[in-house]
Amino acid sequence: MANKPKKTPRKLARSQAFQFLYGLNFSPAMTIESLQEAYMISPDNADKPDAQCQPEGFTWELIEGVWSNYRALDEVVAQFSRHWKVERIGKIEITLLRLAIFEMLYREDIPPKVAINEAIELAKQFGDDRSRPFVNGLLDAAAKALDDGTLELKY
């Protein structure tokens with residue numbers, strides 16, 4: 001009986017997905033195939049046998065979901081970013097916002113509070129002193145709009 005690869009804990013998977021998605025800000029993937037290829041050769045998969053680094057699992061679900069829905073995610077960011085155009089938001093912060101909003105909108109298994117808390121933890125780890133309150137404020141506003149049914153998706 002072959003050993004199955006261990007499941008990556010969600011906190012670690014989020015961190016890996018964040019770091020991969022952050023890299024896409026500098027070297028974007030234009031097709032799903034190029035996204036998969038980049039994922040398979042990413043540092044998180046470098047020491048794994050080919051069979052174990054196939055695009056699957058929670059990390060991949062986050063990466064593919066954010067990549068596939070980034071326009072809708074950016075539209076949500078634009079709805080709640082007062083006086084900030086999406087293009088002007090820092091790369092760390094926009095990546096965190098996309099990731100958390102993806103979880104809030106497209107992952108029924110993740111409560112919005114969890115998505116917000118995880119984004120804040122990543123902001124503490126990767127962002128500067130202003131990242132955490134900015135991310136928290138925007139995500140809190142989006143969660144309230146989601147809860148009361150006023151969040152609009154245009155894509």
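Residues numbered from 1 in each chain as written. Predicted model: local features only at pLDDT ≥ 70, side-chain atom pairs only at ≥ 80, totals over all residues. Heavy atoms only, no water.

A. Representation of the side chain of Ser131 within the structure. The residue Ser131 is located in helix 7 (residues 131-148) in this model. Using a relative accessible area of 1% as the deciding quantity, one classes Ser131 as buried. A polar atom in the side chain of Ser131 sits 2.3 Å from the side chain of Glu93. When sequence neighbours within four positions are dropped, the list of residues in contact with Ser131 reads Glu93 and Ala123. (Helix = DSSP H or I, 4+ residues; strand = E, 2+ residues; numbered from the N terminus. Buried < 20%, exposed > 50% of the residue type's maximum accessible area, 1.4 Å probe, protein only. Polar contact = N/O pair within 3.5 Å; in protein donor to acceptor, adjacent residues only side chain to side chain. Contact = heavy atoms within 4.5 Å.)

B. Structural context of the packing of helix 3 (residues 57-68) against helix 5 (residues 91-106). Packing of helix 3 against helix 5 leaves a shortest axis separation of 10 Å and a crossing angle of 100°. Taken together, the axes of helix 3 and helix 5 lie roughly perpendicular to each other. Facing Glu61, Leu62, Gly65 and Val66 of helix 3, the residues of helix 5 in contact are Arg98, Leu99, Phe102 and Glu103. Its residues assigned to classes, the contact of helix 3 with helix 5 comprises 4 nonpolar, 1 polar and 3 charged. (Axes fitted to C-alpha atoms, helices over the stretch in contact; angles between N-to-C directions. Parallel < 35°, antiparallel > 145°, perpendicular 65-115°, else oblique. Nonpolar A, V, L, I, M, F, W, Y, C, P; charged D, E, K, R; others polar.)

Purely spatial values, then, with no claim about function.
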